[in-house]
Amino acid sequence: MVMLAPNQQQTEKLIYERPHSLEEVYTHYCPGCTHGIAHRLIAEVIDELDIQERTILVAPVGCAVFAYNYFAFDSAEAAHGRAPAMATGIKRVNPDSIVFTYQGDGDLASIGIAEAIHAASRGEQLTVIFINNAIYGMTGGQMAPTSLLGQVTTSSPTGRDAQATGQPMRIAEMMAGLPGVVYSVRRSLHDARHVIQAKQAIKTAFEAQMQGLGFSIVELLSSCPTNWGMSPADAVHWVRDEMIPVYPLGDYKVAEALQNKRGRN
Amino acid sequence: MVMLAPNQQQTEKLIYERPHSLEEVYTHYCPGCTHGIAHRLIAEVIDELDIQERTILVAPVGCAVFAYNYFAFDSAEAAHGRAPAMATGIKRVNPDSIVFTYQGDGDLASIGIAEAIHAASRGEQLTVIFINNAIYGMTGGQMAPTSLLGQVTTSSPTGRDAQATGQPMRIAEMMAGLPGVVYSVRRSLHDARHVIQAKQAIKTAFEAQMQGLGFSIVELLSSCPTNWGMSPADAVHWVRDEMIPVYPLGDYKVAEALQNKRGRN
Amino acid sequence: MAKGRVDIDVDRCKGCELCREACPQNVLALADDLNGKGYRPVILLDPLHDCTGCALCAVVCPDGCITVYRDVPQKTPKKEPVLNGKSLSLAV
Amino acid sequence: MAKGRVDIDVDRCKGCELCREACPQNVLALADDLNGKGYRPVILLDPLHDCTGCALCAVVCPDGCITVYRDVPQKTPKKEPVLNGKSLSLAV
Amino acid sequence: METSIVIAGFGGQGVLFAGQLLAYAGMDNNLHVTWIPSYGPEMRGGTANCTVIVADEPVGAPIVANPDVAIVLNLPSLEKYEPLVKSGGLLVVNSSLITRTVARTDVDVAYVPANDIAEELGSAKMMNMAALGALLAQRPILTLDQLMRTLDDHLPARKAHLLEANKLVIQKGYAVATAVLA
Amino acid sequence: METSIVIAGFGGQGVLFAGQLLAYAGMDNNLHVTWIPSYGPEMRGGTANCTVIVADEPVGAPIVANPDVAIVLNLPSLEKYEPLVKSGGLLVVNSSLITRTVARTDVDVAYVPANDIAEELGSAKMMNMAALGALLAQRPILTLDQLMRTLDDHLPARKAHLLEANKLVIQKGYAVATAVLA
Amino acid sequence: MAKELLKGNVAIAEAAVRAGCEAYFGYPITPQTELLEHMSKRMPELGRVFLQAESEVAAVNMVYGAASAGVRVMTSSSSPGISLMQEGFSYIAGSEVPAVVVDVMRGGPGLGNIQPSQADYNQVVKQAGHGDFHPIVLAPSTIQESIDMMVLSFDLAEKYRTLVFMVLDGAIGQMMEPAELPPMREMNEKRPSWALTGQSKRRLNGRLPDKNVVTSIHLGGDELNAFNEKLQAKLAQITANEVRYEESYIEDAEIIVVAFGTAGRVAGTAVKNLRQANVPVGLFRPITLWPFPEKRLAHLAERAKAFLVVEMNAGQMLHDVREAVGCQAPVEFLGRMGGLLPFTNDIEKEVQTIWRRSEVLALHQQN
Amino acid sequence: MAKELLKGNVAIAEAAVRAGCEAYFGYPITPQTELLEHMSKRMPELGRVFLQAESEVAAVNMVYGAASAGVRVMTSSSSPGISLMQEGFSYIAGSEVPAVVVDVMRGGPGLGNIQPSQADYNQVVKQAGHGDFHPIVLAPSTIQESIDMMVLSFDLAEKYRTLVFMVLDGAIGQMMEPAELPPMREMNEKRPSWALTGQSKRRLNGRLPDKNVVTSIHLGGDELNAFNEKLQAKLAQITANEVRYEESYIEDAEIIVVAFGTAGRVAGTAVKNLRQANVPVGLFRPITLWPFPEKRLAHLAERAKAFLVVEMNAGQMLHDVREAVGCQAPVEFLGRMGGLLPFTNDIEKEVQTIWRRSEVLALHQQN
Ligand SMILES: Cc1ncc(C[n+]2csc(CCOP(=O)(O)OP(=O)(O)O)c2C)c(N)n1
Ligand SMILES: Cc1ncc(C[n+]2csc(CCOP(=O)(O)OP(=O)(O)O)c2C)c(N)n1
Ligand code: SF4
Ligand code: SF4
Ligand code: SF4
Ligand code: SF4
Ligand code: SF4
Ligand code: SF4
Ligand SMILES: [Mg+2]
Ligand SMILES: [Mg+2]
């Protein structure tokens, strides 16, 4: 089926359209929030892998709390931080389903670190998409375990202080240390090139699950223009200039079985 | 003051006696359980560092639940797994106190992993003595996250299976990855030589706190003759022969400021 | 240079301008009027047909507002149209 | 070889025999009678005075039952007695 | 006497501050006041509203089902509040952005081209003040002077340079609303 | 009729199994029974005890404040239960380990050198059976035969080689207790 | 099947298996652990799901997940663990998925001890988490009843898409008594229409169905109010259908002892003894703690002279009895806190006191 | 000091600071977050402890720790977070250390929404965790009252070594109204004798004191029973001393509206309006939800013809009112669930209905 725009020449080819796995709805995300990009990438990957009909999302509590409204497949909405436990419950009784969680840094790295680590340590057949925006977006911009040193937030009004609250937590690296994890990488959503790389990683993560290899996680550096108090463009520049130095992009663990995949798609 | 045994020659010197920081009481531990050794070592270290009067113990829920009966200093009894959070509360309002938690593997690695990781990540000025006996002792021998593959427990009756429950969790290594941690080592209590090494590590861990360097943790491989169904002697052999290969002894992180200390005492 | 065109769903657009930032041809602009949600949406302003259909705008759009078309030489009508973002790696 | 002696708190002893396992001189034995807790405690059985006061038994005793003494040459009465396990590194 | 006023619009239209200013003015003039925002994730959706109650006795509910007044700064807000305003109440409509008129006949309506007034006097951001001026023209719960004195005290320092312009906007809103009285 | 029996001793003295055997025997002979251990961390402390109730009607409380019978296998257990046994009740005392006698005069007492009997017949581990024999000698809630038949059915397979020895211990316990009847 | 001598926790676990429980998630805690341990053996044997979770918080959220997928799922714990599960219970209630929980209660507050207790009555019956809901709460008093109610729990959970609790005290969990297990039920492979299975599993005539969503969010006030009204209507329906209790010697009782679980069985003996002493006393034993048999109690109160509530806590069900009885009769209380059973003779003494008082009163009234 | 226009959450936080709160541990959650945010600014400024915990579970256990060390400490949260803290509350109660909790309630169950609600009544008042205990629960209805009660909370916590809750709904947390803050209290550097300070801090005349232990374990049944009896005695003492409520138009009221918090202030307006319409109605506003003013209500019930309970939930305090009133008068209920305030005219309508019914009844009785 070649879709054509109305009143266009036969010579025109459709190059890009919204993926089917995204609902045709208006989202509640702030303008320029890269949560939206992450959603779109996931939907594209699920379309491409043709697994929409057997995918189950476990949404977090965080700005992505309504993700189940935006994805066009079965979805659950977990308690704050408990998505990996809920996903474990689902996957264990639905071994044929493709189950993934989508979690923010407050959700996964703070309140939900136990469930994330244990699901990973058990090698649950799950995929985690981890949105690191260095802040609690939903509740209005409090400090996250991933906030940068010196970052001013509504709960670190004079800037995050290592003495009082420690250093930013590096989840991709920590996850890579667990034997149950087969894929742990960090990507960024700050420009087109990196978005495309992020998509490749998301695809590999889902493939890991489809092959029953174990637990996969993709950490995505993401922007929160609203709570950072920046324009969307400035916010993605901040990701590039401030976050990446603290959160180096890269592959922290890629199981052997996945290595031949890299660069394929 | 030279203490002499009654009816002995003046030529006799006291070489070893129970430390003062241990209460003169009978413990509820099973015969040959190395929890008792760990207690004694801590008490010896606290005597030697002369910090009994400013030390506060936070006891776990686990076989060591009554540790507050055995140590002769201020103590709290935390909820299961939450000792690091409770200790954080105490230390933050008592910055001059020396606060330590004593936790089993169920307590720290399973239900309490979030509190342990976050206290460590924040670099709380705390010391954690972590008793890894590869089992839930108190509740009668269920599988712990640290149980060995194939280990038969009352909740893994056909032996721990990596496919279903993942690989044993390595806490000393995981903790070493967190920037807030200044000292993370693993020792064993299976024979005299290793007991003495364990004591040195415990001492260094307390010194780290006394110097305000950050979070320190000593993982101690320990026996549970009762729930392993072994004699005390067989149990310490099992630690040596089965546990150490999975949990290599060693220093996983020693902050620079502590390195000149090693081998000193 | 290939010729292209984008369709922007102005009702869903939030005027974040990430697409403008990404567009190498500088053919996207903010509209004069607000949309129903109170945002000034982005529109294609391409009098010289500079748009190459590179899809970079679509790749970064958080709201999935952009559909991209590209002219193809008529002689080889492709049998396998690329849908749903499968084209991303081709497009860039 | 230095001569030593151990005092065992038989009421607290649980008869786990870890001390026996650790003793290089093999001078520890299980008592015949049970103690008040129902355990057969360990006692020093050292007719030949083989105990060296090495304290290895005390180092491994989980119940802190063992006090260790060692003979010292009378000429140099030490001014700093070693208490509370501070002696561990000396003893071994 | 108790007057409940809803102020509603897009985020960024100064809805919350306008409400607080009204509350401060009431308090400074010895009235009982409450202010409450609608809060929550819908704030991400780009809309904002708050309810202010000004009364001469202690205020009970800070939120009301049917407000006496609704100041609507954009079309979605008109659509939400037109049916809710109390019969005999008042709708202050930002006619710069809302092109349709109010259908109900049992309420007073003041159309104020708030954006236009504000833009003309320096910046569209002051449009909220035009609406407040219009409100006072229709419902004299406070005098213009009282409101402007409160502005002196409560306009954030970083906006001090806009103080006079804001006052002018208030006055213009007042004047215009007086003129278009239904 | 309802008889409540506490069995108490060190861990390792077979206290829990003795109780279960009694419960099985009751059940197999159409009586109502309950068995309940004292459980918990004190199990680490090296003591164990359980309560068995054998009755001809459904059993209410599975735990009682004052048991009809206490079988005490060591001194701490005698000290705990001597004051608790019901007046007119029975104390079965393991005289191998307990050297003192019972002070109360309002209860029956059976002294059984349980360890000695069991050791003599093969292994001290069977001492619990000697105590059960003594119990039945004093309180015929079941016949010796009934108990021994239950042993056939419920002795763990890995101990099958000890079946006959166990029976002998029961009988010896029964005989000795009969003899020392207070 | 013949009766076997069964330990409470084990009997319950095996009953759950036979009732078709497809997944168990739990965390060890005394005095409940044998239940988990039995599951760890049986479930994998049968190809079903057993997972020891990292904590009770994780366990309840795993249950939430499996319940969302439409299978028969359960967890079990004891008081402190039940506290940790409160948020999860509330989510389960808020998204109306069926799940079963066994609470083998122990002494509190805090770590307390591990002796039998009924001090979770309020925690389970009154709320079990934030928001307006009630789980169905069943309180058996023998091992046989525990077995039967375990099966019932799964049926009720499924029927009403609700959370069902079975509450026991440690005594029932730890004791052995003869009981009969139910036959093994055939597994129902079909998942309910609302379950998260992936869309393809629900494909009908080749058509892909709407996606299923399990969530407890209702962002608007009206929306959440409407949801709560629906939920309350369901609770009302449960109240109408599912009240259960047991009575003995009630017909002519002037004093009624009200007690559940182990306290109920102890009270049963006391009542029997008292009847032999010609005291006109009866036993009312609520089996469903929620819905509470308040109507029946109110009815009994029309005739009874006095009530005595016996609980292994400081008086929790007491308030429900008081509310039901109103001013119709005095309601007295006998409690044991901290892991002690009430003893038969304590209850008998208390009833005797009440009886004598009421006889004196009656005399006075005659004069 | 003069009145300022203050946001509820901020006013409460500042009041806590001025009451001498030395440590705050919490986790962000709407509609409570501004409280935490204010603390994050003020506490470090004053050299006191602020720490954003990794979760509510951690927060409550940090509070437990700091409370054990004998300082004035608090946390705050909203409904789901309060669910997660239940185990910690129970430990705090079981070891009798003083701590203060603010619960800014939102709509449930589950994630529900973030609108004002009173659906945590049961969760906080009836148990707040496993075991037998009750925190003192204060329910202010204005920002001024919230400020005053915040100060009171710390005093009561310290006086009774108990957990004190202040419960608000999101409306009070989010609204602004004029109020006056208390003066800054001088800090009490001295720690109580039972506190964990390390022994040397308690050294007296050179003598080392006994060690202090904070624990909630009482292993023996008798021991735990004794502890619980002591705890119940303390609760009885609190009940005797600390009941608080507010009444208006109560003297001659035939219908009494009972409502707390925001529902109470809305009901206040309704009652005022009804009085203008000559309906003999009064308002009874419990300020302490525990201890509940049951005696006073029972007393009022002797005269009142009917009660109307108004709550922002499905009827939770309702049961306490019913228990107190008994059969003396009918108790009706008006509830809003899911983040809706009851509106004045709804209450007025309901009271009018009850009033007309009771007048008709009275007429019937006359004939
Ligand atoms: C138990 C519980 N605690 C706290 C909250 C409040 N809460 C909602 S979202 C959130 C944090 C969201 O931050 P993050 O996970 O980083 O997601 P983001 O919004 O940044 O995408 C918090 C604390 C809650 N809903 N439940
Ligand atoms: C919330 C809660 N869950 C479970 C328990 C039961 N419990 C007590 S100790 C323990 C595990 C102890 O194991 P570990 O920490 O390894 O200590 P060990 O006894 O082996 O030294 C558990 C699960 C509890 N007391 N509280
Ligand atoms: S608050 Fe931040 S993370 Fe949330 S939608 Fe807005 S920009 Fe995105
Ligand atoms: S159960 Fe194991 S860990 Fe616990 S005291 Fe006994 S031997 Fe030690
Ligand atoms: S397709 Fe390329 S050239 Fe065309 S508008 Fe988009 S980014 Fe610009
Ligand atoms: S990136 Fe998308 S939402 Fe943003 S301005 Fe462009 S089209 Fe609009
Ligand atoms: S001191 Fe040395 S030699 Fe003497 S008993 Fe102990 S281990 Fe043996
Ligand atoms: S090691 Fe200690 S407890 Fe064990 S037998 Fe020797 S003296 Fe006794
Ligand atoms: Mg975030
Ligand atoms: Mg362990």
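Residues numbered from 1 in each chain as written. Chains lettered and ligands numbered in written order. Predicted model: local features only at pLDDT ≥ 70, side-chain atom pairs only at ≥ 80, totals over all residues. Heavy atoms only, no water.

**Quick word on the domain arrangement of chain G**
All names here are of chain G.
Okay, step 1: The domain boundaries assigned to chain G delineate domain 1 (4–179) and domain 2 (246–366).
Okay, step 2: Inter-centroid distance (C-alpha atoms) of domain 1 to domain 2 is 28 Å.
Okay, step 3: The interface is formed by 30 residues belonging to domain 1 together with 22 residues belonging to domain 2.
Okay, step 4: Interface of domain 1 and domain 2: buried area, both sides summed, is about 2,000 Å²; carbon and sulfur atoms make up 52% of it. (Domains from an automatic or database assignment. Contact = heavy atoms within 4.5 Å. Buried area = accessible area lost by both parts, 1.4 Å probe.)

**Section: the pairing of strand β4 (residues 98–104) of chain B**
Residue and element names in this part refer to chain B.
Okay, step 1: The element β4 is largely enclosed, with a buried count of 7 among its 7 residues.
Okay, step 2: By the alternation rule, side chains of β4 split into I98, F100, Y102 and G104 and V99, T101 and Q103, which are all buried.
Okay, step 3: In this sheet, β4 lies alongside strand β2 (residues 55–59) in parallel orientation, the contact comprising 4 bridges. Among the inter-strand pairings, L57 is bridged to a residue of β4, identified as F100.
Okay, step 4: Taken together, the 5 bridges between β4 and strand β5 (residues 127–132) define a ladder with parallel strand orientation. Bridge assignment links F100 to a residue of β5, and that residue is T127. (Buried < 20%, exposed > 50% of the residue type's maximum accessible area, 1.4 Å probe, protein only. Helix = DSSP H or I, 4+ residues; strand = E, 2+ residues; numbered from the N terminus. Pairing = 2+ DSSP bridges.)

**Concerning the interface of chain H and chain G**
Okay, step 1: Listed as interface residues are 57 residues of chain H and, on the opposing side, 58 residues of chain G.
Okay, step 2: Both sides of the chain H and chain G interface together cover about 4,500 Å² of buried area, and 59% of this is carbon and sulfur.
Okay, step 3: When the area that chain H buries against chain G is broken down by residue, the three leading residues are H:P109, H:H130 and H:M337, summing to 15%.
Okay, step 4: Summed over the shared surface of chain H and chain G, the result is 2 salt bridges.
Okay, step 5: Across the pair H:E323 and G:R322 runs a salt bridge, and its minimum N-O distance is 3.8 Å.
Okay, step 6: One can count 37 residue pairs in polar contact (both at pLDDT 80 or more) joining chain H with chain G. (Salt bridge = Lys/Arg side-chain N within 4 Å of Asp/Glu carboxyl O. Polar contact = N/O pair within 3.5 Å; in protein donor to acceptor, adjacent residues only side chain to side chain.)

**Comments concerning the sheet that holds strand β9 (residues 213–214) of chain G**
Okay, step 1: As summarised here, the arrangement of the 8 strands in space is β8(A)-β6(A)-β7(A)-β5(A)-β4(A)-β2(A)-β3(A)-β9(G), forming an open sheet in which the pairing is mixed. Each of the sheet's edge strands pairs with one partner strand only, and the pair in question is β8 (250–254) of chain A together with β9 of chain G.

**A word on the site of ligand 5**
Okay, step 1: As a matter of local geometry, ligand 5 sits amid 13 residues, with C:C23, C:C51, C:C54, C:A55 and C:C57 nearest to it.
Okay, step 2: For the shell around ligand 5, a count of residues per class yields 10 nonpolar, 3 polar and no charged. (Near = heavy atom within 4 Å. Nonpolar A, V, L, I, M, F, W, Y, C, P; charged D, E, K, R; others polar.)

**Considering the coordination of the magnesium ion (ligand 9)**
A metal bound by six donors in octahedral fashion has ideal angles of 90 or 180 degrees, whereas one bound by four tetrahedral donors has an ideal angle of 109.5 degrees.
Residue and element names in this part refer to chain A.
Okay, step 1: Within the protein, the magnesium ion (ligand 9) binds to D105 (OD), N133 (OD1) and I135 (O); these donor distances fall in the range 2.0 to 2.1 Å.
Okay, step 2: Along the chain, the residues donating to the magnesium ion (ligand 9) fall in the pattern D-x27-N-x1-I. Taken as a pair, D105 in helix α4 (residues 105–111) and I135 in the loop between β5 (127–132) and α6 (162–165) lie far apart in primary sequence, 30 residues in all. Residues D105 and I135 agree in their burial class; the two are buried. (Donors = N, O, S within 2.8 Å, 3.2 Å for Na, K, Ca; no water.)

**Concerning the packing of aromatic side chains**
Okay, step 1: One pass over the full model with this rule turns up 26 aromatic pairs over all chains.
Okay, step 2: Here A:F73 and A:F100 contribute two aromatic rings whose centre-to-centre distance is 6.0 Å and whose plane-to-plane angle is 65°, an arrangement assigned as edge-to-face. Placement of the pair is A:F73 in the loop between α2 (67–70) and β3 (75–77) and A:F100 in strand β4 (residues 98–104), with a sequence separation of 27 residues.
Okay, step 3: On the basis of relative accessible area, A:F73 is assigned to the buried category, the value being 0%.
Okay, step 4: An aromatic cluster of at least three residues, connected via ring pairs, comprises A:F71, A:F73, A:F100 and A:F206.
Okay, step 5: The residue whose ring lies beneath D:K14 is B:Y26, and the NZ or CZ to ring-centre distance is 5.1 Å.
Okay, step 6: Directly above the ring of B:Y26 sits D:K37, whose terminal nitrogen or CZ lies 4.3 Å from the centroid. (Phe/Tyr/Trp six-rings, centres within 6.5 Å; stacked < 30°, edge-to-face > 60°. Lys NZ or Arg CZ within 6 Å of the ring centre and 35° of its normal.)

**Regarding the site of ligand 1**
Okay, step 1: Near ligand 1, the surroundings consist of 22 residues, among which A:H35, A:C63, A:D105, A:D107 and H:E56 are the closest.
Okay, step 2: Flanking ligand 1 are residues from chains A, G and H.
Okay, step 3: Within the side chain of A:D105, one N or O atom sits 2.3 Å away from an oxygen atom of ligand 1.
Okay, step 4: Between ligand 1 and A:D107, the relevant distance is 2.8 Å, taken from an oxygen atom to a main-chain nitrogen or oxygen of the residue.

**Brief notes about the packing of helix α1 (residues 35–49) of chain B against helix α8 (residues 192–210) of chain B**
Residue and element names in this part refer to chain B.
Okay, step 1: Where α1 contacts α8, the axes come no closer than 9 Å and their chain directions differ by 50°. Classified by the angle their axes make, α1 and α8 are oblique. Where α1 crosses over α8, the two elements pack in a sense that is right-handed. Across the interface between the two elements, I37, R40, L41, I42, E44, V45, I46, E48 and L49 of α1 pack against V195, A198, K199, I202, K203, F206, E207 and M210 of α8.
Okay, step 2: The residue inventory of the contact of α1 with α8, partitioned by class, reads 11 nonpolar, no polar and 6 charged. (Axes fitted to C-alpha atoms, helices over the stretch in contact; angles between N-to-C directions. Parallel < 35°, antiparallel > 145°, perpendicular 65-115°, else oblique. Left-handed = near helix turned anticlockwise from the far one by under 90°.)

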